[in-house]
Amino acid sequence: MTQDELKQAVARAALRHVVPDTVIGVGTGSTVNFFIDALATMRARVRAAVSSSERSSERLRAHGIEVLDLNQVERIPVYVDGADEIDPGGAMIKGGGGALTREKIIAEAAERFVCIVDSSKLVPVLGSFPLPVEVVPMARERVRARLRESGGDPVLREGFVTDNGNQILDVHGLRIEHPAELESRLNQIPGIVTVGLFARRGADIALVGGADGVTQRDFD
(Lines give C-alpha, C1' and ligand atoms only; values in the text may rest on other atoms or scores of the structure.)
Protein backbone atom coordinates (compact mmCIF):
# COMPACT_ATOMS: atom_id res chain seq x y z
CA MET A 1 0.00 0.00 0.00
CA THR A 2 1.14 3.55 -0.70
CA GLN A 3 1.44 6.03 2.15
CA ASP A 4 -1.75 7.77 1.01
CA GLU A 5 -3.58 4.43 1.00
CA LEU A 6 -2.37 3.79 4.57
CA LYS A 7 -3.62 7.23 5.60
CA GLN A 8 -7.00 6.57 3.99
CA ALA A 9 -7.27 3.24 5.80
CA VAL A 10 -6.65 4.73 9.27
CA ALA A 11 -8.98 7.63 8.45
CA ARG A 12 -11.80 5.21 7.67
CA ALA A 13 -11.01 3.17 10.78
CA ALA A 14 -11.36 6.29 12.93
CA LEU A 15 -15.03 6.56 11.95
CA ARG A 16 -15.73 3.72 14.42
CA HIS A 17 -14.75 6.05 17.25
CA VAL A 18 -17.11 8.87 16.28
CA VAL A 19 -19.87 9.26 18.85
CA PRO A 20 -23.15 9.85 16.96
CA ASP A 21 -25.03 13.12 17.39
CA THR A 22 -22.20 14.85 19.26
CA VAL A 23 -19.58 17.48 18.41
CA ILE A 24 -16.33 15.95 17.17
CA GLY A 25 -12.89 17.49 17.49
CA VAL A 26 -10.96 17.50 14.23
CA GLY A 27 -7.24 18.16 13.83
CA THR A 28 -5.06 19.24 10.93
CA GLY A 29 -2.86 17.59 8.34
CA SER A 30 -2.84 15.24 5.37
CA THR A 31 -4.14 12.22 7.29
CA VAL A 32 -6.88 14.33 8.87
CA ASN A 33 -7.91 15.53 5.41
CA PHE A 34 -8.69 11.92 4.56
CA PHE A 35 -10.61 11.63 7.84
CA ILE A 36 -12.69 14.72 7.02
CA ASP A 37 -13.52 13.25 3.62
CA ALA A 38 -14.53 9.97 5.28
CA LEU A 39 -16.53 11.83 7.92
CA ALA A 40 -18.60 13.39 5.14
CA THR A 41 -20.04 9.96 4.34
CA MET A 42 -21.78 9.98 7.73
CA ARG A 43 -22.36 13.70 8.18
CA ALA A 44 -26.04 13.16 9.05
CA ARG A 45 -24.81 11.49 12.27
CA VAL A 46 -22.42 14.32 13.16
CA ARG A 47 -23.91 17.22 15.07
CA ALA A 48 -20.98 19.56 14.32
CA ALA A 49 -17.21 19.82 14.58
CA VAL A 50 -14.60 21.90 16.38
CA SER A 51 -11.50 22.33 14.24
CA SER A 52 -7.86 23.08 15.02
CA SER A 53 -7.17 25.14 11.89
CA GLU A 54 -8.76 27.34 9.28
CA ARG A 55 -7.73 24.80 6.62
CA SER A 56 -9.63 21.98 8.30
CA SER A 57 -12.61 24.24 8.96
CA GLU A 58 -12.84 25.10 5.26
CA ARG A 59 -12.73 21.42 4.31
CA LEU A 60 -15.40 20.50 6.86
CA ARG A 61 -17.72 23.26 5.68
CA ALA A 62 -17.18 22.24 2.06
CA HIS A 63 -18.58 18.82 3.04
CA GLY A 64 -21.60 20.39 4.73
CA ILE A 65 -20.40 19.83 8.30
CA GLU A 66 -21.03 22.73 10.66
CA VAL A 67 -17.97 24.10 12.46
CA LEU A 68 -18.42 25.57 15.93
CA ASP A 69 -16.17 27.74 18.07
CA LEU A 70 -14.88 25.82 21.09
CA ASN A 71 -16.50 28.40 23.37
CA GLN A 72 -19.90 27.24 22.08
CA VAL A 73 -19.32 23.61 23.03
CA GLU A 74 -19.81 21.93 26.40
CA ARG A 75 -18.57 18.44 25.50
CA ILE A 76 -16.21 16.86 22.94
CA PRO A 77 -16.28 13.07 23.40
CA VAL A 78 -13.61 12.40 20.73
CA TYR A 79 -10.79 14.32 19.09
CA VAL A 80 -9.20 12.82 15.96
CA ASP A 81 -5.81 14.06 14.79
CA GLY A 82 -2.53 12.86 13.35
CA ALA A 83 1.04 13.12 14.64
CA ASP A 84 4.49 13.74 13.25
CA GLU A 85 5.94 11.18 15.70
CA ILE A 86 4.45 9.00 18.41
CA ASP A 87 6.39 6.96 20.98
CA PRO A 88 5.47 3.68 22.76
CA GLY A 89 3.80 5.59 25.61
CA GLY A 90 1.51 7.66 23.41
CA ALA A 91 3.52 10.90 23.67
CA MET A 92 3.70 12.77 20.39
CA ILE A 93 5.41 15.50 18.44
CA LYS A 94 2.82 17.54 16.58
CA GLY A 95 2.82 20.86 14.76
CA GLY A 96 4.37 20.05 11.41
CA GLY A 97 1.37 21.79 9.86
CA GLY A 98 1.64 24.73 12.24
CA ALA A 99 -1.64 24.20 14.13
CA LEU A 100 -0.12 22.97 17.40
CA THR A 101 -1.70 25.55 19.72
CA ARG A 102 -5.28 24.92 18.69
CA GLU A 103 -4.57 21.19 18.48
CA LYS A 104 -3.38 21.20 22.08
CA ILE A 105 -6.39 23.19 23.25
CA ILE A 106 -8.87 20.81 21.66
CA ALA A 107 -6.94 17.74 22.80
CA GLU A 108 -7.14 18.98 26.38
CA ALA A 109 -10.86 19.65 26.03
CA ALA A 110 -11.67 16.24 24.55
CA GLU A 111 -12.54 13.19 26.59
CA ARG A 112 -10.70 10.86 24.22
CA PHE A 113 -7.84 11.51 21.79
CA VAL A 114 -7.67 9.17 18.80
CA CYS A 115 -4.38 9.54 16.92
CA ILE A 116 -4.35 8.37 13.29
CA VAL A 117 -0.95 7.65 11.73
CA ASP A 118 0.86 5.42 9.30
CA SER A 119 3.55 3.15 10.70
CA SER A 120 6.38 5.49 9.64
CA LYS A 121 5.38 7.82 12.49
CA LEU A 122 6.11 5.21 15.20
CA VAL A 123 9.44 5.87 16.92
CA PRO A 124 11.17 4.47 20.00
CA VAL A 125 12.25 7.97 21.13
CA LEU A 126 10.88 11.33 20.02
CA GLY A 127 13.10 13.92 18.37
CA SER A 128 14.04 12.85 14.86
CA PHE A 129 11.24 15.10 13.64
CA PRO A 130 12.08 18.72 14.54
CA LEU A 131 10.06 19.92 17.53
CA PRO A 132 7.76 22.83 16.57
CA VAL A 133 7.52 25.68 19.09
CA GLU A 134 5.04 28.52 18.54
CA VAL A 135 6.45 31.83 19.76
CA VAL A 136 5.31 35.43 20.13
CA PRO A 137 7.33 37.28 17.45
CA MET A 138 8.87 39.86 19.80
CA ALA A 139 10.30 37.04 21.95
CA ARG A 140 11.66 34.91 19.12
CA GLU A 141 15.38 35.48 19.65
CA ARG A 142 15.16 35.23 23.44
CA VAL A 143 13.27 31.95 23.09
CA ARG A 144 15.75 30.72 20.51
CA ALA A 145 18.61 31.26 22.98
CA ARG A 146 16.76 29.35 25.71
CA LEU A 147 16.02 26.47 23.34
CA ARG A 148 19.71 26.21 22.49
CA GLU A 149 20.35 25.78 26.22
CA SER A 150 18.14 22.68 26.04
CA GLY A 151 20.48 21.18 23.46
CA GLY A 152 18.48 21.89 20.33
CA ASP A 153 19.07 23.87 17.15
CA PRO A 154 16.00 26.12 16.68
CA VAL A 155 15.35 27.21 13.09
CA LEU A 156 12.75 29.81 12.14
CA ARG A 157 10.04 28.45 9.83
CA GLU A 158 10.52 31.08 7.15
CA GLY A 159 7.48 32.77 5.65
CA PHE A 160 5.03 31.03 7.98
CA VAL A 161 2.55 32.67 10.35
CA THR A 162 0.20 30.60 12.51
CA ASP A 163 -3.56 31.11 12.58
CA ASN A 164 -2.87 32.94 15.86
CA GLY A 165 -0.48 35.44 14.25
CA ASN A 166 2.69 33.93 15.72
CA GLN A 167 5.90 32.34 14.40
CA ILE A 168 7.30 28.83 14.69
CA LEU A 169 10.78 27.70 15.64
CA ASP A 170 11.51 24.11 14.56
CA VAL A 171 14.01 22.61 17.01
CA HIS A 172 16.39 20.09 15.45
CA GLY A 173 18.80 17.70 17.11
CA LEU A 174 16.80 16.67 20.18
CA ARG A 175 16.53 13.19 21.67
CA ILE A 176 13.46 13.41 23.90
CA GLU A 177 13.61 10.56 26.39
CA HIS A 178 11.41 12.30 28.99
CA PRO A 179 8.80 14.17 26.93
CA ALA A 180 6.46 15.22 29.75
CA GLU A 181 9.37 16.68 31.71
CA LEU A 182 10.66 18.63 28.70
CA GLU A 183 7.15 19.84 27.85
CA SER A 184 6.70 21.23 31.36
CA ARG A 185 10.11 22.90 31.34
CA LEU A 186 9.67 24.58 27.97
CA ASN A 187 6.19 25.78 28.92
CA GLN A 188 7.84 28.01 31.53
CA ILE A 189 9.84 30.04 29.01
CA PRO A 190 8.24 33.47 28.48
CA GLY A 191 7.30 33.99 24.85
CA ILE A 192 6.51 30.35 24.09
CA VAL A 193 2.84 30.01 23.25
CA THR A 194 2.86 26.24 22.75
CA VAL A 195 5.46 23.53 22.44
CA GLY A 196 4.61 20.72 20.03
CA LEU A 197 5.09 18.01 22.64
CA PHE A 198 1.86 16.22 23.48
CA ALA A 199 2.98 14.18 26.47
CA ARG A 200 1.14 15.55 29.48
CA ARG A 201 -1.98 15.01 27.38
CA GLY A 202 -0.97 12.29 24.92
CA ALA A 203 -3.04 9.96 22.79
CA ASP A 204 -5.55 7.57 24.34
CA ILE A 205 -5.62 5.41 21.21
CA ALA A 206 -3.44 5.20 18.12
CA LEU A 207 -4.78 3.73 14.91
CA VAL A 208 -1.73 2.70 12.90
CA GLY A 209 -1.77 1.90 9.20
CA GLY A 210 0.81 -0.65 8.10
CA ALA A 211 1.46 -3.47 5.66
CA ASP A 212 -0.91 -5.73 7.61
CA GLY A 213 -3.75 -3.21 7.72
CA VAL A 214 -4.85 -1.00 10.61
CA THR A 215 -3.91 -1.94 14.16
CA GLN A 216 -4.99 -0.25 17.38
CA ARG A 217 -2.74 0.68 20.28
CA ASP A 218 -4.28 1.69 23.61
CA PHE A 219 -2.49 4.00 26.02
CA ASP A 220 -5.14 4.28 28.77
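See above for the structure.
First, a word on what this report is: a plain description of the structure on this page. Source: prediction; values computed, not measured.

### Re helix α5 (residues 140-149)
Every α-helical turn comprises 3.6 residues, leaving residues that sit three or four positions apart pointing alike. Within α5, burial applies to Val-143, Arg-144 and Leu-147. With its buried residues spanning 105° around the axis, α5 presents them on a single face. Facing away from the buried surface of α5 by more than 90 degrees, the exposed residues are Arg-142 and Glu-149. Buried residues along α5 sit against β7 (131-135), β8 (153-156), β9 (167-172), α6 (179-186) and β10 (192-195). Two residues or fewer after α5 comes Gly-151, characterised by a positive phi angle close to 95°.

### A closer look at the pattern of salt bridges
Taken as a whole, this structure holds twelve salt bridges when the rule is applied. Where Arg-102 meets Glu-54, a salt bridge forms, and the shortest distance between an N and an O atom there is 3.2 Å. Here Arg-102 is found in helix α4 (residues 100-109), whereas its partner Glu-54 is found in helix α3 (residues 54-62), with 48 residues between them in sequence. Linking Arg-144 and Glu-141 is a salt bridge whose minimum nitrogen-to-oxygen distance equals 3.0 Å. Of this pair, Arg-144 and Glu-141 both sit in helix α5, three residues apart, which is roughly one turn of that helix. Classification of Glu-141 as partly exposed rests on a relative accessible area of 42%. The structure contains a network of salt bridges with shared partners spanning Asp-81, Lys-94 and Glu-103.

### Observations concerning empty space enclosed by the protein
Any empty space left between atoms is shown by rolling a water-sized probe over those atoms. Using the criterion set out here, one finds two cavities of 30 Å³ or more in the structure. Roughly 40 Å³ of internal volume is contained in the largest cavity. If you go around the largest cavity, the residues you meet are Ser-52, Gly-98, Ala-99, Leu-100, Thr-101, Arg-102, Glu-134, Thr-162, Asp-163 and Asn-164. Here the lining of the largest cavity gets three residues from one element, more than from any other, and that element is α4.

### Here we look at the sheet that holds strand β11 (residues 197-198)
Within the open sheet, the three strands sit side by side as β4-β5-β11. Their pairing is antiparallel. With one partner strand each, in any of the chains shown, β4 (85-86) and β11 form the two edges of the open sheet. Inspection of the sheet shows β4 paired to strand β5 (residues 92-93) by two bridges, in the antiparallel sense. Counted as the bridge partner of Ile-86 is Met-92 from β5.

### Some thoughts on the packing of aromatic side chains
In this structure the tally under the stated criterion is one aromatic pair. Judged by centre distance (5.0 Å) and plane angle (55°), the ring pair of Tyr-79 and Phe-113 falls under tilted. Residue Tyr-79 is found in strand β3 (residues 79-81), and its partner Phe-113 is found in strand β6 (residues 113-118); the two are separated by 34 residues along the sequence. Looking at Tyr-79, the relative accessible area reads 0%, which means it is buried. Looking at Phe-113, the relative accessible area reads 0%, which means it is buried. If you follow Lys-94 out to its NZ or CZ, it ends over the ring of Phe-198, 5.4 Å from the centre. One cation-aromatic arrangement involves Arg-157 over Phe-160; the distance from NZ or CZ to the ring centre is 5.3 Å.

### Observations concerning α3
Residues Ser-56, Ser-57 and Leu-60 constitute the buried set of α3. Projected down its long axis, α3 shows its buried positions confined to an angular sector of 100°, all on one face. In this structure, α3 carries Glu-58 and Ala-62 as exposed residues pointing more than 90 degrees from its buried face. Elements that come into contact with the buried residues of α3 comprise β1 (23-26), α2 (30-39) and β2 (48-51). Just downstream of α3, Gly-64 is the residue with a positive phi angle, here 80°.

### A look at the pairing of β8
One face of the sheet, then the other: side chains in a regular strand alternate in exactly this way. Residues Pro-154 and Leu-156 of β8 are buried on one face, while the alternating residues Asp-153 and Val-155, pointing to the opposite face, are not. Two elements, β8 and β9, share four bridges in a ladder whose sense is antiparallel. Counted as the bridge partner of Asp-153 is His-172 from β9.

Rules used throughout
- Residues numbered from 1 in each chain as written.
- Predicted model: local features only at pLDDT ≥ 70, side-chain atom pairs only at ≥ 80, totals over all residues.
- Heavy atoms only, no water.
- Buried < 20%, exposed > 50% of the residue type's maximum accessible area, 1.4 Å probe, protein only.
- Helix = DSSP H or I, 4+ residues; strand = E, 2+ residues; numbered from the N terminus.
- Arc of directions from axis to C-beta.
- Contact = heavy atoms within 4.5 Å.
- Salt bridge = Lys/Arg side-chain N within 4 Å of Asp/Glu carboxyl O.
- 1 Å grid on protein atoms, 1.4 Å probe; cavity = no way out; pocket = protein on both sides within 12 Å on 5 of 7 lines; lining within 4 Å.
- Points joined across faces, edges and corners; volume = space filled by probe spheres on them.
- Pairing = 2+ DSSP bridges.
- Phe/Tyr/Trp six-rings, centres within 6.5 Å; stacked < 30°, edge-to-face > 60°.
- Lys NZ or Arg CZ within 6 Å of the ring centre and 35° of its normal.

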